[in-house]
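In case you want the letters, here they are:
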Amino acid sequence: MNTIAALEQAEKLLTPWTKEAVRPESNRLDVTIAGLDLYACAAALKQEPWGYLSAFTGLDLGLEVGELEPLYPFCEGAAITTLRVRLPRQGGSVPTLYPLFPVASFFERELSEMFGIEVTGTPDPSRLFIPDDWPVNVYPLLKDFDPKVVQPRQADSPRSFQPQDGQTFYVPIGPQHPALKEPGHFEFTVDGEVIVGARMRLGYVHRGIEKATESQNWVQNLYLLERVCGICSHTHATAYVLGVERLAGVETPPRAQAIRELIAGLERIHSHLLWLGVSAHEAGFDTLFMYSWRDRETVMDILENLSGNRVNYSANIIGGVKFDIYPEHAKTIRQGLDFLEERIRHYLDIVTTDILFLQRTRGIGRISREEAAHLGLLGPTARASGVVRDVRIEAPYGPYSHYPVSIVTSEAGDLEARFVVRLKELFVTINTIRVIMDNLPESDLSVRVPRRIPAGETISRVEAPRGEVFYFIKSDGTDRPERIKVRTPSLCNWTAVLSKAVGSQLADAPLLIAGMDPCFSCNDRMITVKRLDGK
Amino acid sequence: MNAQWMPIFEKLKTWARVNSPWAIHFNSGSCNGCDIEILATLTPRYDLERFGVKLQGSPRHADILICTGPVTRQARERLLRTYEQMPEPRFVVAVGSCAISSGAFQNCYNVIGSIDEVIPVDAYIPGCPPRPEAIIDGLVKLLQHVSSSSKMEIAK
Amino acid sequence: MFSALKPILQILIFPAGLFLVASGIVVEWIDRKLVARLQNRVGPRWFQILADIVKLLAKEEILPSAANPWLFIGLPMIALAGCMTAALYVPLMGLSPAYSFSGDLIVTLYLLSLLTLSKGLAGWNTSSRFSLVGATRGLTQLFAYEAPFLLALLGPAIVAGSWQIDVIMQRNSSSWIILTQPIGFLVALIGLMGKLELPPFDAPEAETEIVAGAMTDYSGRGLAIFNIAKSVEFVIGLTLVAAFYLGGLNNPLEYLLKTFFILVVLIGLQTLLTRLRIDQTVGLWWRYGAILVLIQWMILIIWKESILL
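Caption draft 1: A look at the sheet that holds strand S2 (residues 64-68) of chain B. All names here are of chain B. Taken in spatial order, the 4 strands make up an open sheet running S1-S2-S4-S6, and their pairing is parallel. Lying at the two open borders of the sheet, with one neighbouring strand each, are strand S1 (23-27) and strand S6 (123-125). Here the strands of the sheet are splayed against their neighbours by 20° on average, with no regard to which way each runs. Inspection of the sheet shows S2 paired to strand S4 (residues 91-95) by 5 bridges, in the parallel sense. Pairing of Leu65 across the sheet is with Val92, part of S4.

As structure tokens, then:
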């Protein structure tokens, strides 16, 4: 159904509990409800089914208003229905949504530790991103948070996990571990080689970016947000500028939009090839790692040619892009793409026919479609289980309406499917880039945007190589944002790893983790820990 | 030990250390940009193995600690422990602007600071992220410095 | 007086001792260089392995507090000593083994397994999470590969009618057993890869899973000695397989060519294949390897009864 119809349907569903319903943007519906009704509303939406729970956001409405406002956006195609709850600054609480949406557990922990909102009934109230030695009752995202209150660490902090009793044997993976290029801490309880319990603790890369955005102006924040993640930096920048441009009411020139999509495509190529190599390395197939990264250099060269940097190419500015694509570039890009297409075909062949590699991937970590939808998975991990979830298709943003992409899914849902889906996506991406280059519109590269962005709120959703990136941006009319919330796909996909780890072999653990293409720096703006074995 | 042999032994040891620098990589809060460029140095186009660098898994097997990222509160202790586990002689290389000065994250509440506020750093490789060639260049400069510096004479 | 000196020289210089360590270094270098080349890279310089060893020997040795110091220091030496002693019975460089007695094949194979046993014990001794998993995997793999390897080497022994390495080699020097017992050759090769924990059978040392397995907490001298022991075992393994299956090693040139050939085959297999999970390596080989070797034996015995080979 189309967006307007979807929003009307949602509005109708929520009528029993609605205190106030507003349409701030053409694709958004904001419904203010009472905290106690939260579960009922979420259940009604899930029952229909209407959309999936995409993120939580918390807002501190300021000391004068004296209230906090958690937001619960649900996305159905391009339509977004946000449930809004008003709570007092201290002592507020909301019920958990975990029984309906397992992924809510992560969001709820973030909400509690950042704002001090209590979530009743949440399965794991422990900290997600905030470090162990952070003082109690200090909530970073409140407006009156004073960084000086939190002194740097002193001596040894308490271990994040208590050692288990002598009966069980646990193998820690991380924070420093050859399998993980980034720090994260997993503890697998093993019985022989079989994993019987899995816990994880993130937060090693939690830098406090969301808070930092409140003290920098809109332009400075662009550079900060690009560095949430080095691999999908363009995606974050795109999500941000799309939101800000919408708030400012400017229309980005068509050529700039096309270039944005082109760079996003190139980023997808580099990211998936990177992932292929790293996963192969995890599996012990170093040769594939070496060859795929050698070929990846082709796309790095293209990006460097265009932007001047191999990573963090910084293509976006608020209002457009910084650089153009000249005919000489176009030729190099096409040659590079031709070469890459052939190589990717070769890798697809390997991944689907190499006997030993298949022994490590076929049938392992299988997640069914229902499970994937229930767990709230995103990106290629979800698509490999047959869930049709891709923001570029469900809610085309910017140029994607002009240069659409087709979706790639698989029914198998195992590790092999995740390899296949990502590689096939690259074929689609390469073709899209060719189409864009054949049809680049002539126009300016950017448009002027005022220094002060008009007040308002907006939600920006963009498809990163790993899945949906969700940005909530609120402006109070000044030259600094009031709140920026970033929810990255890896946060939602952790459930996939942990649920599949139990019962698998220890040797499969690195591949299971790698299979969802985790990006700790993306999700560590927040922390998550989850226990699986129910003990 | 015969005093005549000492300088020769020292020279031999220094030569071996400079030519066999095994490295371990630690990310203390980086956005990954630097990490992927470090990984890229192992791949065919740049091939760090030419210089004898092998990426190790255990800190006990490594001579060089390659660090990226600003130090977040949570990562700080792990960084220290990793460093302490390395046997002498050991060197630390800070890769990227964040490792050198917190980079873009200077205003972030969970960032303690640069790597050299936690452990002593021997080489700084600037960039956001530095290219693999720059990383190799920095490592080579460190090795040249090691082979010619007097630090080695005091080593055990 | 010279005859008293002879065993000492044999142990210290040739065929054991320095010569063995040197051949180990050469073999390891060829391995790393060829793997790099196959992966489209340049690879290490010629003196790299030597530099690695000297560096490790000069590095600070950290003794984990939970480990028994005698075991910690002694186990690497036992491993190396075992391999060195085994070298005295194999035809290194195509020359007759330094010592030879009936049944020395079995003794040599036992000595060769000392390396895996020491590693296993060392892993248990340092008692960190990763070393324990690595040690367990190593010992499991030992059971899976030791037996087929031994049985594969016994094929030529049956044909030659002896348990003495020198005798086996002499009697088989006119025929290339690889042609008459190809299955046995295959089993021997894979058994060797499993014993040495070469990829794809390097689960005990799987860097991406258990950091460095049993060796995680070793540094400096201990690590250097274990590494040397491993390359030495590689050399001896290559020699044995070449001697038995490739028509004996009668002179240094034959030795170099034949062992190089097997080395290249092993390196090719290393690069092409993904690491197998430990249950896959053991399951695979314990079943198929043993069956294959038994089939080979049956063929052999029937053949020997009916026709004189």
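So, next bit.
Caption draft 2: Layout of the side chain of Glu468(A). Residue and element names in this part refer to chain A. Positionally, Glu468 belongs in strand S16 (residues 467-475). In this structure the side chain of Glu468 is engaged in a polar contact, spanning 2.7 Å, whose partner is the side chain of Ser54. Ignoring any residue separated from it by four or fewer positions in sequence, one finds Glu468 in contact with Tyr52, Ser54, Cys75, Leu378, Val391, Arg461, Val462, Glu463, Arg487, Thr488 and Pro489.

Caption draft 3: Summary view of the interface of chain A and chain B. Facing 58 residues of chain A, the contacting portion of chain B comprises 42 residues. Summed over the shared surface of chain A and chain B, the number is 4 salt bridges. Here Glu297(A) and Arg45(B) are joined by a salt bridge, their closest N and O atoms 3.5 Å apart. Put simply, chain A and chain B have 9 residue pairs in polar contact (both at pLDDT 80 or more) between them. Only helix H4 (209-213), helix H7 (254-283) and helix H8 (286-307) of chain A provide two or more residues apiece to the side of chain A that touches chain B. Considered class by class, the residues forming the side of chain A that touches chain B number 28 nonpolar, 14 polar and 16 charged.

Caption draft 4: Inspection of the packing of aromatic side chains at higher detail. Counted under the stated rule, the structure contains 16 aromatic pairs over all chains. Ring centres of Phe56(A) and Phe107(A) lie 5.3 Å apart, and the angle between their planes is 45°; this geometry places the pair in the tilted category. Of this pair, Phe56(A) sits in the loop between strand S3 (52-53) and strand S4 (57-60) while Phe107(A) sits in helix H3 (residues 104-115), and the two are 51 residues apart along the sequence. Assigned by exposure class, Phe56(A) and Phe107(A) land together as buried. Ring centres of Trp15(B) and Phe47(C) lie 5.5 Å apart, and the angle between their planes is 50°; this geometry places the pair in the tilted category. With Trp15(B) in helix H1 (residues 5-19) and Phe47(C) in the loop between helix H2 (17-38) and helix H3 (48-57), this residue pair bridges two chains. Following the ring pairs from residue to residue traces out a cluster consisting of Trp275(A), Phe285(A), Phe357(A) and Phe419(A).

Caption draft 5: Here's a closer look at the packing of H2(C) against H3(C). All names here are of chain C. One way to put it is that H2 packs onto H3 with a least axis distance of 8 Å and a crossing angle of 120°. Note on element contacts: H3 touches H2 through Gln48, Ile49, Leu50, Asp52 and Ile53, opposite Ile25, Glu28, Trp29 and Arg32. A class-by-class count of the residues in the contact of H2 with H3 yields 5 nonpolar, 1 polar and 3 charged.

Caption draft 6: Examining helix H5 (residues 218-226) of chain A more closely. Residue and element names in this part refer to chain A. Among the residues of H5, Trp218, Asn221, Leu222, Leu224, Leu225 and Glu226 are the ones counted as buried. Those residues of H5 that are buried are in contact with H4, helix H6 (233-248), strand S13 (316-317), S16 and strand S17 (481-487). Two or three places before Val219, at the opening of H5, Asn217 has a side-chain oxygen 2.9 Å from that residue's backbone nitrogen.

Caption draft 7: Structural detail: the pairing of S4(B). Residue and element names in this part refer to chain B. Burial analysis of S4 places 5 of its 5 residues in the buried class, the great majority of the element. Every second residue of S4 is oriented toward a common face, with Phe91, Val93 and Val95 on one face and Val92 and Ala94 on the other, all of them buried. Pairing geometry for S4 and S6, over 3 bridges, is parallel. Among the inter-strand pairings, Ala94 is bridged to a residue of S6, identified as Tyr124.

Caption draft 8: Looking closely at unusual backbone geometry. The linkage connecting Glu48(A) with the following residue, Pro49(A), adopts the cis geometry, with an omega of -10°. Look at the link from Cys128(B) to Pro129(B): it is a cis peptide, with omega at -10°. Phi at Ser314(A) is positive, roughly 55°, even though this residue is not glycine. Mapping Ser314(A) onto the fold places it in the loop between H8 and S13. Positive phi is not limited to glycine here, since Ser102(B) has a value of about 75°.

About the thresholds
Residues numbered from 1 in each chain as written. Chains lettered and ligands numbered in written order. Predicted model: local features only at pLDDT ≥ 70, side-chain atom pairs only at ≥ 80, totals over all residues. Heavy atoms only, no water. Pairing = 2+ DSSP bridges. Helix = DSSP H or I, 4+ residues; strand = E, 2+ residues; numbered from the N terminus. Axes fitted to C-alpha atoms, helices over the stretch in contact; angles between N-to-C directions. Polar contact = N/O pair within 3.5 Å; in protein donor to acceptor, adjacent residues only side chain to side chain. Contact = heavy atoms within 4.5 Å. Salt bridge = Lys/Arg side-chain N within 4 Å of Asp/Glu carboxyl O. Nonpolar A, V, L, I, M, F, W, Y, C, P; charged D, E, K, R; others polar. Phe/Tyr/Trp six-rings, centres within 6.5 Å; stacked < 30°, edge-to-face > 60°. Buried < 20%, exposed > 50% of the residue type's maximum accessible area, 1.4 Å probe, protein only.

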